[in-house]
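Below, each chain spelled out in residue letters.
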Amino acid sequence: MPKANIVEELRRIAKGEVLSDPWSRKIYSVDASHYMISPEIIVNVKDTEEISEICKYASSSNKAITGRGAGTGLLGQSLNTGISLDFTRYMNKVIELEDNYVVVQPGIVKGVLDKELKKRNKVFPVDPSSSNYCTIGGMVANNSSGIHALGYGSTIDFLEQLEVVYSNGIVNRLSSFPIISLPPNTEDYAKILKLKKLLSNYALDLIRIKYPKVTKNSCGYRLDSIIDNGNFHPQRLFAASESTLGIITLARFKIVDIPLYRYTLVLGFSNVLLAVKNVPKILQFYPSALELLDSSIFSCEIDNSKNKDIIIDTIDDKGCLLFVEFVGNNLKKIDEIFSDCKKTMSQYSEIVETSFDAISSEHIWNSRKNALNNVMKLTVGSRKPVGLIEDTVVNPFVLFDFIEFLLLMYKNYKMNYVLYGHAGNGNIHTRPLIDTENVLELEKLGDLADKLFSKVFSLSGTISGEHGDGLGRIDYIKKMYGLQITDLFKSVKRIFDPQNIMNPGKKIPIRDLI
């Protein structure tokens, strides 16, 4: 069908603006990654009914269709040809807010939701560093987590219900239910019944064996999360699915009270290996957050900021910081735990700073939260900090082994790098600085990734803890899970998107579905 006819047809269906001019297509061709793919058409969607009609049209014309939020994906997750649905302009509201849950549209910015919840002394505690501009829909698509994943968990752990539009236009509300009382075999639930059949005892045994043994994971489909304690949780399948199974139009999340007390401890070490060696000692005190900043980030901060929230005069150019936080409502208990942790760690590190109130703690945490922004400012022409190995997770008790191997690889390949991350979860964000126009350097990056990911696999870890797979890591998914699990992934894709029009080329290579 000629493009003019497609635009005309979508304008007849859509309630929001339909954009197809070169400038709009260029804007929507990029995200926070280095990839560039131009959509054919962009629609600023307004409601579920409209999205259903657009999906029906996409299905009948075999057009790719992809949801998009703020474009903060680091690996090209929301980039595709075909139709791009932008939720940020209209579908950005809080629909319902009660004492223990909130229902929102996918285009709402996490920071905006935080402000609304704070008015009621509530919080949705998943807090990626991009909270001020990322959207809730993108957080579900990536299974985002953040600084407080150690104490609270990831997006998937708070997801109670989803409204989803499938590729054929059918709208379905997905929420947990007991396995013994499956929903009726109606058209709406036919896909869920097929999913339940797919997850046989044999498949579940495979999943238990093959899935990473870590506390956070955004690689592949989260089949390991669907069944627990006699309950079936179909909505969790869509966390980390990168819009490949359906378009999310509403999401309900569990929310919790903002804790009364927040204590922060900053520890200084002479190098990163010494820091990660002490992570297990800190974990015995059960902190809500345990974050790492290597000296490679200090230099970024010094170069890019005139007014820093924390001045590190005591750390040399090879030093490393660990940020430790404790939260709760029992003042006596927090005092005791904090004092015990501080006393213990003073034997192995320097106590750089302490804080006992939310405002002071926020100033301290800004150094950690700004790490990614400072890293991205290191880009000079084609030389940039490249994301591919930037989201690995291993058990924190083997983190020393992993970091030792990582540093050896960087030394062998003669690469400069930056390194920080969620040490308490064993989730490390590291990027080599390479010339992306130099073929030899790109080949070195590929070799480095192969070796580093093999190390991750040997430690029962994952190649993506919270950033997703996108375009960058899709070819490593099969290496991580093996053929039997990726065959399950293909079956899931065929159940929910048999035409392969929902964000094709993500999670499963197109060639594997032919």
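First, a word on scope: everything that follows refers to the structure included in this document. On a predicted model such as this, the values are computed, not experimentally measured, just so you know. (Residues numbered from 1 in each chain as written. Predicted model: local features only at pLDDT ≥ 70, side-chain atom pairs only at ≥ 80, totals over all residues. Heavy atoms only, no water.)

### So, the layout of surface pockets
The space that makes up the largest pocket amounts to roughly 1,200 Å³. Lining of the largest pocket is provided by 37 residues; of these, Asp 114, Val 123, Arg 262, Glu 362 and Lys 369 occupy positions nearest its centre. The element best represented in the lining of the largest pocket is helix H4 (residues 110–118), accounting for 7 residues. Tallied by class, the residues present in the lining of the largest pocket amount to 18 nonpolar, 8 polar and 11 charged. Taken as a whole, the second largest pocket spans an internal volume of roughly 770 Å³. For the second largest pocket, the lining is made up of 48 residues, of which Thr 72, Gly 73, Gly 138, Met 139 and Asn 142 are closest to its centre. The biggest single contributor to the lining of the second largest pocket is helix H5 (residues 136–142), with 5 residues. Classifying every residue of the lining of the second largest pocket gives 17 nonpolar, 25 polar and 6 charged. (1 Å grid on protein atoms, 1.4 Å probe; cavity = no way out; pocket = protein on both sides within 12 Å on 5 of 7 lines; lining within 4 Å. Points joined across faces, edges and corners; volume = space filled by probe spheres on them. Helix = DSSP H or I, 4+ residues; strand = E, 2+ residues; numbered from the N terminus. Nonpolar A, V, L, I, M, F, W, Y, C, P; charged D, E, K, R; others polar.)

### Some details on the sheet that holds strand E6 (residues 101–104)
The 5 strands lie next to each other as E5-E6-E13-E8-E9, forming an open sheet whose pairing is antiparallel. Taken across any chain shown, the strands that pair with only one partner, and hence form the sheet edges, are strand E5 (94–97) and strand E9 (171–175). Each strand axis lies, on average, 15° off the axis of its neighbour in the sheet, ignoring direction. By the bridge criterion, 3 bridges tie E5 to E6 in an arrangement that is antiparallel. Considered in E6, the bridge of Val 94 is made with Val 104. Sheet strands in contact with H4 are E5 and E6, and its direction is about 30° off that of E5. (Pairing = 2+ DSSP bridges. Axes fitted to C-alpha atoms, helices over the stretch in contact; angles between N-to-C directions. Contact = heavy atoms within 4.5 Å.)

### Structural notes on the packing of aromatic side chains
If you walk through the whole model with that rule in mind, you get 15 aromatic pairs. Here Phe 453 and Tyr 476 contribute two aromatic rings whose centre-to-centre distance is 4.8 Å and whose plane-to-plane angle is 80°, an arrangement assigned as edge-to-face. Linking Phe 453 in helix H16 (residues 439–458) with Tyr 476 in the loop between H16 and helix H17 (477–481), this pair joins segments that are 23 residues apart in sequence. Relative accessible area serves as the criterion here: at 1%, Phe 453 is assigned to the buried category. Between Tyr 481 and Phe 489, the aromatic rings sit 5.1 Å apart at their centres with planes inclined by 80°, giving edge-to-face as the arrangement. Phe 489 shares its class with Tyr 481; the two are buried. Over the aromatic face of Tyr 166 sits the side chain of Lys 191, whose NZ or CZ is 5.3 Å from the ring centroid. Above the face of the Tyr 101 ring, Arg 252 is positioned so that its terminal group lies 3.6 Å from the ring centre. (Phe/Tyr/Trp six-rings, centres within 6.5 Å; stacked < 30°, edge-to-face > 60°. Buried < 20%, exposed > 50% of the residue type's maximum accessible area, 1.4 Å probe, protein only. Lys NZ or Arg CZ within 6 Å of the ring centre and 35° of its normal.)

### As for the environment of Arg 12
For Arg 12, the position within the fold is in helix H1 (residues 3–13). In this structure, the C-alpha to C-alpha distance between Arg 12 and Leu 290, residues 278 residues apart in sequence, is 52 Å.

### Side note on the pairing of strand E3 (residues 65–68)
In E3, alternate side chains face the same way, and those of Ile 65 and Gly 67 on one face and Thr 66 and Arg 68 on the other are all buried. Note: E3 against strand E4 (residues 83–86), 4 bridges, orientation parallel. Counted as the bridge partner of Ile 65 is Ile 83 from E4.

### Some points on the packing of helix H8 (residues 201–210) against helix H18 (residues 483–496)
Any two packed helices are characterised by how steeply their axes cross, that is the angle between the axes, and by the distance between the axes. Between H8 and H18, the least distance of the axes is 10 Å, while the angle of their chain directions is 120°. Relative to H18, the element H8 is oriented oblique. Crossing of H8 over H18 shows left-handed handedness. For the pair H8 and H18, the contacting residues are Tyr 202, Ala 203, Leu 206, Ile 207 and Lys 210 in the first and Gln 484, Ile 485 and Leu 488 in the second. Taken together, the residues of the contact of H8 with H18 sort by class into 6 nonpolar, 1 polar and 1 charged. (Parallel < 35°, antiparallel > 145°, perpendicular 65-115°, else oblique. Left-handed = near helix turned anticlockwise from the far one by under 90°.)

### Here's the deal with unusual backbone geometry
With a phi angle near 60°, Asn 121 is a residue other than glycine that sits in the positive phi range. Secondary-structure assignment places Asn 121 in the loop between H4 and strand E7 (122–123). Here the phi dihedral of Asn 143 falls at roughly 55°; this positive angle occurs in a residue that is not glycine. Positionally, Asn 143 belongs in the loop between H5 and helix H6 (149–152).

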